[in-house]
Structure formats: C-alpha cells, structure tokens
Amino acid sequence: MVEFFVVYDNEAVGEFIESWGFSCYVKSKVRILFDTGWDGNILLHNLDLAGIEDFDYIFLSHQHWDHIGGLNHVIDKTSYVVVPKSFSENLKREIRRKAELIEVEDLKMIDDGVYTTGELGTYIKEQSLIVDVGNAYFVVTGCSHPGLDVILNRAEELGGVLGVMGGFHGFRDIEILKKYDIVIPCHCTEYKDEILKMKNAKRCFAGCRFNL
C-alpha cells in the first residue's frame, strides 16, 4: 500500500493552509516529499498537521518558485534531493551543501518502486514521479509543462498506469484521462472544473490523503 498526502495546494481543508504551489508526501517503501510549494512556513505548518517529520528523498519537479520555494525549510529533514540535470548550477551547488544531490536526465529507478520520468520538455524541463502501487503505476506531476500526455506516455513505458495527480497546466484533451482509474487535478490545472466532472476524478487540496 502506498500513501499519498497533499501538504501544499491552492485549496485546503480544516486547519491546513492554502497557498499557491504544490507539494505531496508519498510513503511507499521509501518516503518522498514531492516539491515544496512556495512558502516554507506554510509547508512546515501543514507537514506538522499531517504528522510528517522527515523523508528519505525530496523530489523537485522543476525550477519554478511555487515548487521549490520551501526547500530551504525542509532540506534538513532529508538525505537526498532529486532534481532534473538542467537545474541551475548555482542552485545545485547550494543543495549539495546540505544534502546529497541526485541529478536525472532519463527514465530511471530512484529507489525500490520509485521512478523518475527523467527530464521532459524543451522550454521548461520537468520531471515527474512514478510510483509502483502494485500491478500498476501512479504518476505525480508538478505542473506538466511538457504536456500531461507526454508524461503519461513516458510512464507507460514501465507498464500500466492506474492514474495521475498534480498540476495539469493547460492540458485540455480530457478524453485521454477517461481511461485511468483515478485522476486528481491540483494546483495549476487550467481545466480543473471540466476534469472534475469525470467519474474517475477526485478533488485535490492540502489535507487530501488516500492510499493505493
């Protein structure tokens, strides 16, 4: 069983605080913080509410402020930070001062049951997380700047994909999403209202938690 817990999003419930950006905690055989939102203090508040103290990896999808802004507040809670190789040399140097840096270019396994799509896209390069949830894979995206279809096609090179969550940016070919069991549009999804009309879609918010 794999646990997914959204700890930073534009929407929130209860005592969780909403803010522009995205972060999701993934607990499988290893513990991963996917992206860090923008405001590190909000991220720490939400992590505390979720009862999450540390993680094995911080996985950064792309170098936009609303996905890496909270990094300095949580980097001391991990051993490894996984980034696309195209990240700026200055930022990579700063990360190396506090954690072991893992740079990725291609589809590869990061740890047991956890994969990166590798860098995708041209103008904005981005990696997504692929998690083995048992007989299928689940994808977590940052903003999907390279195109959600491109990301899902890359993930399907590993095998069947159960579903996807995260920011879908301007992706509008909603028919493609109907073949998946679960679709969770978060953060910067432009056509979120249309996607949420699908039977397989679920709403995303800080405080959202589910197991696969």
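For the structure, check the block above.
First, a word on what this report is: a plain description of the structure on this page. Given the structure is predicted, the values throughout are model-derived calculations rather than measurements. (Residues numbered from 1 in each chain as written. Predicted model: local features only at pLDDT ≥ 70, side-chain atom pairs only at ≥ 80, totals over all residues. Heavy atoms only, no water.)

Looking at the pairing of strand β11 (residues 161-167)
Short version of the rule: Each residue's exposure class comes from its accessible area (1.4 Å probe, protein chains only) as a fraction of the maximum for that residue type: buried when under 20%, exposed when over 50%, partly exposed otherwise. Here a helix means four or more residues in a row that DSSP labels H or I, a strand means two or more in a row labelled E, and each is numbered from the N terminus. The rule for pairing is simple: two strands pair if DSSP sees at least two bridges between them. Here the term right-handed applies to a crossover when the path leading from its first strand over the helix to its second strand runs clockwise, the strands being oriented away from the viewer.
Counting buried positions over the seven residues of β11 gives six, a clear majority of the element. As paired elements, strand β10 (residues 137-141) and β11 share five bridges and run parallel to each other. When the sheet's bridge partners are listed, Phe 138 is paired in β11 with Gly 163. Remark: the β10/helix α5 (residues 148-155)/β11 crossover connection has right-handed handedness.

Things to note about unusual backbone geometry
Even without being a glycine, Asp 35 presents a positive backbone phi close to 65°. By the element assignment, Asp 35 lies in the loop between β3 (31-34) and α1 (40-50). The residue His 187 is not glycine, and still its phi comes out positive at about 40°. Positionally, His 187 belongs in the loop between β12 (182-186) and α7 (192-195). Among the residues examined, His 187 registers a relative accessible area of 3% and is labelled buried.

Quick notes on the sheet that holds strand β13 (residues 209-211)
Test applied: Axis definition: a line fitted to C-alpha atoms, over the contacting stretch in the case of helices. Angles run 0 to 180 degrees between N-to-C directions. In this analysis, two residues are considered to be in contact whenever any of their non-hydrogen atoms come within 4.5 Å of each other.
Here we have seven strands laid out as an open sheet, ordered β6-β5-β4-β3-β2-β1-β13, and mixed in their pairing. In the strand order of this sheet, the two ends are held by β6 (100-104) and β13, each with one partner. On average, each strand axis in the sheet is tilted by 20° relative to the strand beside it, whichever way the strands run. Looking at chain direction, strand β1 (residues 3-8) and β13 are connected through three bridges and run antiparallel. In the strand pairing of β13, Phe 4 is matched with Phe 210. Here helix α4 (residues 89-96) sits on the sheet and contacts β5 (80-84) and β6; the angle it forms with β6, its principal contact strand, is near 145°.

Remarks on α5
Quick reminder of the rule: The directions considered for the arc are those from the helix axis to the C-beta atoms.
All buried positions along α5 are accounted for by Leu 148, Ile 151, Leu 152 and Ala 155. Considered in projection along α5, the buried side chains sweep an arc of 95° and stay on one side of the axis. Along its buried surface, α5 packs onto β9 (129-132), β10, β11 and α6 (174-177).

Considerations on the pattern of salt bridges
Rule in force here: In the sections that follow, a salt bridge refers to a side-chain nitrogen of Lys or Arg positioned within 4 Å of a carboxyl oxygen of Asp or Glu.
Tallied over the full model, the rule gives 14 salt bridges. The partner of Arg 31 in a salt bridge is Asp 56, and the shortest N-O contact between them spans 3.1 Å. In this pair, Arg 31 sits in strand β3 while Asp 56 sits in the loop between α1 and β4 (57-59), placing the two residues 25 residues apart along the sequence. Of the charged contacts in the structure, one is a salt bridge between Lys 92 and Glu 89, with a shortest N-O distance of 3.0 Å. One end of the pair is Lys 92 and the other is Glu 89, both in helix α4 and three residues apart, which spans about a single turn. Several salt bridges converge on common partners, so that one network encompasses Glu 89, Lys 92, Arg 96 and Glu 103.

All quantities given are derived from atomic positions and should not be read as evidence of function.
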